[in-house]
Every structure is written in C-alpha cells, then in structure tokens.
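Close look at the chain arrangement
Chain by chain, the residues:
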Amino acid sequence: MSNNGETYKGQLGHMIEVISKAGFKGIQPIFTWMGPLADADLLEKKLKEENIDLAAVALALDWNGSKETDEEKRIADEAIKLLGRFPGSVLCTVQIPTGRHDLTQRRKNLIDIVNTVSARATDKGVVSSFHPNSPHSSITRTAEDYQVILEGLDPKVTGWCPDVGHIINGGMDPLEKMKTYRSLINHVHYKDWDGNPEFTLMGNGKVDFTSITQWLKDEKFDGWIICEDEGQEALEDPDFVTLHDGKWVYESLIPKLK
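Residues numbered from 1 in each chain as written. Predicted model: local features only at pLDDT ≥ 70, side-chain atom pairs only at ≥ 80, totals over all residues. Heavy atoms only, no water.

**Quick look at the packing of aromatic side chains**
We count it as follows: Pairing of aromatic rings covers Phe, Tyr and Trp, the last counted by its six-membered ring, and requires centre-to-centre distances within 6.5 Å; plane angles under 30 degrees mean stacked, over 60 mean edge-to-face, and any other angle means tilted. By definition, any uninterrupted DSSP run of H or I lasting at least four residues is a helix, any uninterrupted run of E lasting at least two residues is a strand, and each is numbered from the N terminus. Only protein chains enter the accessibility calculation, which uses a 1.4 Å probe; a residue is then buried when its area is under 20% of its type maximum, exposed when over 50%, and partly exposed in between. Here, a charge over a ring means that NZ of Lys or CZ of Arg falls within 6 Å of the ring centre while also lying within 35 degrees of the ring normal.
The final tally for this structure, using the stated rule, is four aromatic pairs. Ring centres 5.0 Å apart and planes at 55 degrees place the aromatic pair Tyr-190 and Phe-209 in the tilted group. Of the two residues, Tyr-190 is situated in strand E7 (residues 188–190) and Phe-209 in helix H8 (residues 209–218); the sequence distance between them amounts to 19 residues. With respect to class, Tyr-190 is no different from Phe-209; both count as buried. With 5.3 Å between their ring centres and 75 degrees between their planes, Phe-209 and Trp-248 make a pair best called edge-to-face. Of this pair, Phe-209 sits in helix H8 while Trp-248 sits in helix H10 (residues 238–253), and the two are 39 residues apart along the sequence. Three or more aromatic residues joined by ring pairs form one cluster here, namely Tyr-146, Trp-160 and Tyr-181. Geometry around Phe-199 places Lys-191 over its ring, the cationic atom sitting 5.4 Å from the centre.

Structure, rendered in structure tokens:
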C-alpha cells in the first residue's frame, strides 16, 4: 500500500516469488498495479514457475457516480477478461474511500454498481466478492454501512469478502458479523488490528484469528483466506512481513485448530 501502490507497482513477479517462499498457495494482486503481468500469458507462466494460484484480483475503483464511468467500466471488463483465464479466481471489488458525504445516496449507488459489475462477471463465469473497508473516509465502515450494503447485494451474483481487520476497525466483532452474513461469504481477508491507530503485524494485535479460522473450518468454508497485512512494517519491508506471516500461519495459527 506504500505510496498508494506506486512504490512497488509492476513488481508482481517478485511478489509471487516471495509469497511462494513464505509457503502461501495463492496471491491476490490489485488489478491496476499488476504491470506487465496483467498479460494473462505472462501471469500464467510466472504463477506456474512458483507453483502459486491466482486466488483473486482486487478491483479497486472510485465508483462515486450513479453508475460506472466509461473508464471504470473499461477497467472492470479488462479485469473480468483476465480472470476468465483463471477458473476459480475471484473478482474482489472494493471502493476507494473518498468521503462520507451524501451517504445514503452514495451507498445506494455503490450497491447498484457492484451488482452491475458482478452480473457482468457472472455472465463470463467469474465469481465476485465485495470487500468493505474502514478508513474514516469510507462509506463501508460502520455497522449501519454493513447492514445497508450487505443486505443490498444481489446474492445471485455478488458475495461478501469479510476483512476481519476492517470489521474490528469499524467497531464491530468480526466473528459475530461473519456469522450474521454467513450465506454471503465466498472470500476472506485477514489482517491484524491493535487500534494504535489501526493495523499491526499479523499475530501482534487483537483479532481472534484462532476462533475465526476454527469457525470457518467448522462451517466447511472452501474459499480463499488472503493474508493482507497492513501493519507499519508492511509499508517499510513487505518481503519481511510476507515471510513473517507465512511462518506465523504455519507455526502459530494452524497448530491451534481442531
């Protein structure tokens, strides 16, 4: 996330290599940061070299109008086309936060846009999952936001990607919220949170990953869980954080599961 992604833009090949070293099985890049590997042939070749799957692609756009702009639609359709080459990969939609003004209308607009994008993806055989976030300028931050938006998603075409760090950062209990909207969950993000002011290195915060992961296991959730560490260390040394998180998952999280 350093410099809005510009710091490491175009370095997806290196990211895939580090993720493989960390013991992870898949990757979820942000579509507009993929650089040369937005080419499906080049991406497929690199993923095969490192034995990594394309778990998902994040489609992060402003979506501030009553409908998509022409440019937003073009980018979304390019992402959908790419995912069509990787069956089982998820289109993870997320709105870039730009303020909580005109909240009621903008939440309605977002629901309409997300469902419209998801419907186009579904027509191409691509699964979609909407990802709320929690910056103070986000319209998908609070319990009320979640109720309005999640209950407005069309479950025939749009699932929900709970991000446990964003949920707790918005003042909610992640596991409770996930249980409430279990039927929508088709993709999951993990990040840790300590409230100082927000996110921290995986395992150093207050998110109860053991209980959440055990519940997902008991529920027979068969989608991807993406570690999306946004602690300060991730801005400064993302390779270290990726390797740390892989070690933490295998040595501290998995052994606690029943």
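**Some details on the sheet that holds strand E6 (residues 159–160)**
Short version of the rule: For two strands to be treated as a pair, DSSP must find at least two bridges joining them. A contact between two residues is defined here by any heavy atoms of the two lying within 4.5 Å. Helix axes use the C-alpha atoms of the stretch in contact, all axes being lines fitted to C-alpha atoms, and the angles between their N-to-C directions lie in the range 0 to 180 degrees.
Spatially, the four strands line up as an open sheet ordered E3-E4-E5-E6, and their pairing is parallel. The open sheet has two edge strands, strand E3 (56–61) and E6, and neither has a second partner. Here E3 runs beside strand E4 (residues 90–95); their pairing, made up of six bridges, is parallel. Residue pairing in the sheet places Leu-61 in a bridge with Gln-95 of E4. Sheet strands touched by helix H3 (residues 70–83): E3 and E4. Its angle to E3, the strand with the most contacts, is close to 180 degrees.

**Topic: the UniProt feature "domain: Xylose isomerase-like TIM barrel" (unreviewed entry) in the protein**
The condition is simple: UniProt positions are given in the numbering used here, feature names are shortened, and annotations may be inferred rather than shown by experiment.
Mapped onto the present numbering, the UniProt feature "domain: Xylose isomerase-like TIM barrel" (unreviewed entry) falls on residues 17–237. Taken end to end, residues 17–237 has its terminal C-alpha atoms 15 Å apart, with 39% of it in helix and 14% in strand.

**Re the pattern of salt bridges**
We apply this condition: Salt-bridge detection follows one rule: a side-chain nitrogen of Lys or Arg within 4 Å of a carboxyl oxygen of Asp or Glu.
A full pass over the atoms with the stated rule returns 22 salt bridges. We note a salt bridge from Glu-68 to Arg-120, for which the minimum N-O separation is 2.8 Å. Taken together, the positions of Glu-68 in the loop between E3 and H3 and Arg-120 in helix H4 (residues 103–123) put the pair 52 residues apart, joining distant regions of the chain. Here Glu-68 and Arg-120 have matching classes, each one buried. Close ionic contact of Asp-145 with Arg-100 constitutes a salt bridge, the shortest N to O distance being 2.8 Å. Note that Asp-145 is positioned in helix H5 (residues 143–150) and Arg-100 in the loop between E4 and H4, a separation of 45 residues in sequence. Relative accessible area serves as the criterion here: at 0%, Asp-145 is assigned to the buried category. Judged by its relative accessible area of 29%, Arg-100 is partly exposed. A network of salt bridges, in which partner residues are shared, links Glu-17, Lys-45, Lys-46, Glu-49 and Glu-50.

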